[in-house]
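Single-letter residue listing:
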Amino acid sequence: MKIIVLVKEVPDTYAERRLNLETGLADRDANDRVLDEIGERAVEVAISYAESHPDTEVIVLTLGPQTVPATLRKALAMGATSGFHVLDDALLGADLMLTAETLAKAVERIGFDLIIAGDTSTDGNAGVIPAMIAEHLGIAHATTLNSLEISDTDIGGEREASGGTITLTASLPAIVSITERLPDARFPSFKGIMAAKKKTIVTVDLANLGIDADADVPRSIVIAVSARPARSAGIKIVDDGNAGQQLADYLIQNRLV
Amino acid sequence: MTELAVDPILVLLSVSPTGELATSAAELLGAAGRIGTPVAVIIAGHGHGPDAATAAGARGAQRVLLAETPDGDSVLTSQLVDGLVAAYERVNPSAVLISHSIEGRDVAGRFAVRTQNALAVDAVGVDRDDEGIIIHHSVYGGAYDVDSAVTFGTPVVTIREGGVEDRTAAANPTIESLEYVGTGRKAATIVSFTPEQARPSRPALRGANRVVAGGRGVGSAEDFALVEQLADVLGAAVGASRVAVDSGYVPHSYQVGQTGVSVAPQLYIALGISGAIQHRAGMQTAKTIVAINKDPEALIFEIADFGVVGDLFTVVPQLVSALTAKKE
């Protein structure tokens, strides 16, 4: 079994994130760059399967700037077999269509039985890339899964639907995305960290994948960015035995109830 | 202005297996009405089409393209994408609006790739100027407002659930049958559907007008009943911080924050929630924020319109009885 895991380098959410107000792009210096947590969970799914199925190869794939190999090493230290990095200046600020096209070309190049991604990234909050890749490749998608079972020939899992839960199956090859309900990612062991240093990260550019970022196709572009004024604190009272009543009065006066 | 009125905006409306039009229909048609004429696409289960079309008219659809899937259809997403593509070809819309729900995201992704149109996601509003359609986004947990546009072609836009306040007046729509040939692309199969057990009387967290959320300070699953009690008095949805979820007080679906549900209600009441940055990212665009916490230094007070430093186990019962008394 050959499993590709899609991961993404994102600004750490443990501090305020910033956008560059000129370009609308993430201010990369404002925060530590980390692997998105949901992507780490996707890596965990793949490597726990690999542990019980020794013939499994796990390739972590990402596109991003030159800092990516450092974060990709974490996935390799967790136990992924190798990394694949699409690096190209033309990807800076890439829209969803270009991103999906690039990832689709990359997974075709690598070859796979199963692709696993996180449901949504913490920075883009899009959650559309897996379905877009599936459409490019003509394979099934099963996204936002709260559980996942992998067999030699198919995958199965559950996801939320309006008014309930649906159980899904799909034949391989397929692409899935998982939610936070799947188990936490393991911490890399010392042995894993040492081993990761010797693992391969293949780097390719867009030309190598046969993609023209300047093709005359519709693109989504940012036309304006503004920082919203920070919220300021309002009334703050210390309970003197009457705070519940005061709060009720506040809600009633402000027509909030 | 007359030209504006005829601009068709294609809106995909979702229908549940039991035939209910998704609550997102009102905001999708509301957003569409702001930039053109709302044209609804409904692909309903067998027998559910006419009622769903009527409901769409009540929410402002001027025209409904209606198809029903064969009885027992169990293919994930495909019918919706194939039907939407057929409607797109028939209507030639100025924009296509789809809910940013789980199902909507799948449809939007496939639809954009198939029709080779640019995709803008998680929008909280749409507008129009001389150069075309502008899409509004709220990013990094509401810290920034970002506007986007597409360079050319038809923008495909997903609308955040509960993110748009615009509503369109009820219309008496023309209802047309939408015929299309399924492409039969590879897809996942739906094996079964299990209806959820949740109490239908309480509003869903996503898109709720009022939310009462509990955190670490609630202390236990049993004591979470206090959070629910206040929520029920207010007719509010119930949410929780990640700590409360990780501690097992409530199911994961209650989680508000960066990695849970993002909410923007009129009123958000945080009980025993410290206000970690990831939690704030999911609720700081609420119109009014109320916080009760015994720690006067809790970060949540920095953004609260009304903060109470005190024990939630004395303040909340008093609040509940005051509100109940007001009701009676």
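Above this note sits the structure.
The structure reproduced in this document is the subject of the present report. (Residues numbered from 1 in each chain as written. Chains lettered and ligands numbered in written order. Predicted model: local features only at pLDDT ≥ 70, side-chain atom pairs only at ≥ 80, totals over all residues. Heavy atoms only, no water.)

### Some points on the side chain of S241(B)
Residues and elements named next belong to chain B.
(1) Moving on: Here S241 lies in the loop between β12 (237–240) and α7 (242–246).
(2) Moving on: Residue S241 is classed as buried on the basis of its relative accessible area of 7%.
(3) Moving on: Leave out the neighbours within four places in its chain, and S241 touches G214, G215, R216, Q255, I273 and H279. (Helix = DSSP H or I, 4+ residues; strand = E, 2+ residues; numbered from the N terminus. Buried < 20%, exposed > 50% of the residue type's maximum accessible area, 1.4 Å probe, protein only. Contact = heavy atoms within 4.5 Å.)

### Some words on the nonpolar core
Residues and elements named next belong to chain A.
(1) Moving on: Counting residues in hydrophobic clusters, the biggest one holds 61 residues, and the most contacted among them are L61, V86 and I133.
(2) Moving on: The element contributing the most residues to this core is helix α3 (residues 96–110), with nine residues.
(3) Moving on: Apart from the residues within four sequence positions on either side, V86 is in contact with L61, T62, L63, G64, L91, T102, A106, V204, L206 and L209.
(4) Moving on: Residues I47, V58, M78 and A142 belong to the second largest nonpolar core, which totals 41 residues. (Core = buried A, V, L, I, M, F, W, Y, C linked by side-chain atoms within 4.5 Å.)

### Remarks on helix α9 (residues 312–327) of chain B
(1) Moving on: Taking 1.5 Å per residue, 16 residues should reach 22 Å; α9(B) reaches 22 Å between its end C-alpha atoms and fits that length.
(2) Moving on: For α9(B), the set of buried residues is L312(B), V315(B), V316(B), L319(B), V320(B), A322(B) and L323(B). Viewed end-on, α9(B) has its buried residues packed into an arc of 165°, placing them on one side of the element.
(3) Moving on: The inward-facing, buried residues of α9(B) abut α7 (243–253) of chain A together with α6 (224–234), β13 (267–271), β14 (288–293) and β15 (306–309) of chain B.
(4) Moving on: Measuring from the backbone nitrogen of F313(B) back to the side-chain oxygen at the start of α9(B) gives 2.9 Å, which picks out D311(B) as the cap. (Expected span 1.5 Å × (residues − 1). Arc of directions from axis to C-beta. Polar contact = N/O pair within 3.5 Å; in protein donor to acceptor, adjacent residues only side chain to side chain.)

### Some remarks on empty space enclosed by the protein
(1) Moving on: Across all of its chains, the model carries three cavities of 30 Å³ or more by this definition.
(2) Moving on: Computed from the structure, the largest cavity encloses a volume of approximately 120 Å³.
(3) Moving on: In this structure, the largest cavity is lined by T13(A), A15(A), E16(A), R17(A), Y140(B), A143(B), Q258(B), I277(B), Q278(B), R280(B), A281(B) and Q284(B). (1 Å grid on protein atoms, 1.4 Å probe; cavity = no way out; pocket = protein on both sides within 12 Å on 5 of 7 lines; lining within 4 Å. Points joined across faces, edges and corners; volume = space filled by probe spheres on them.)

### Considerations on the sheet that holds strand β9 (residues 154–161) of chain A
(1) Moving on: Judged by pairing direction, the sheet is antiparallel, and its four strands sit side by side in the order β8(A)-β9(A)-β10(A)-β10(B) without closing on themselves. The open sheet has two edge strands with one neighbour each: β8 (147–150) of chain A together with β10 (189–195) of chain B. Between one strand and the next, the sheet's axes are offset by a mean angle of 15°, whatever the strand orientation.
(2) Moving on: Two strands pair when backbone bridges link them, and β8(A) and β9(A) are joined in this way by four bridges, in the antiparallel orientation. Within β9(A), the position partnered with E149(A) by the bridge is G156(A). (Pairing = 2+ DSSP bridges. Axes fitted to C-alpha atoms, helices over the stretch in contact; angles between N-to-C directions.)

### With respect to a nonpolar patch on the surface
(1) Moving on: Nonpolar side chains collect at one region of the surface, where F190(A), I193(A) and M194(A) lie side by side and expose about 320 Å² of accessible area between them.
(2) Moving on: Along the polypeptide, I193(A) turns up in helix α5 (residues 190–196). (Patch = residues over 30% accessible without salt bridge, like charges linked within 9 Å, V, L, I, M, F, W, Y side chains within 5 Å. Areas by Shrake-Rupley, 256 points an atom, 1.4 Å probe, with all protein chains shown as cover. Salt bridge = Lys/Arg side-chain N within 4 Å of Asp/Glu carboxyl O.)

### With respect to the packing of helix α4 (residues 129–137) of chain A against helix α5 (residues 102–115) of chain B
The relative placement of two packed helices is expressed as an angle between their axes plus a distance between the axes.
(1) Moving on: Orientation of α4(A) relative to α5(B), taken along the N-to-C sense of each, is 40°, at an axis distance of 7 Å. Judged by the inter-axis angle, α4(A) sits oblique to α5(B). Handedness of the crossing formed by α4(A) with α5(B): right-handed. Contact residues: A131(A), M132(A), A134(A), E135(A) and H136(A) in α4(A); R105(B), D106(B), G109(B), R110(B), V113(B) and R114(B) in α5(B).
(2) Moving on: Class assignment for the residues of the contact of α4(A) with α5(B) results in four nonpolar, two polar and five charged. (Parallel < 35°, antiparallel > 145°, perpendicular 65-115°, else oblique. Left-handed = near helix turned anticlockwise from the far one by under 90°. Nonpolar A, V, L, I, M, F, W, Y, C, P; charged D, E, K, R; others polar.)

### Thoughts on the sheet that holds strand β14 (residues 235–238) of chain A
(1) Moving on: As summarised here, the arrangement of the six strands in space is β14(A)-β15(B)-β14(B)-β13(B)-β11(B)-β12(B), forming an open sheet in which the pairing is parallel. Since the sheet does not close on itself, it has two edges, and those belong to β14 of chain A together with β12 of chain B, each with one partner. This sheet shows a mean twist of 15° between the axes of neighbouring strands, independent of strand direction.
(2) Moving on: Across the sheet, α6(B) lies against β11 (210–214), β12 and β13 of chain B, angled at about 170° from β11(B), the strand it touches most.

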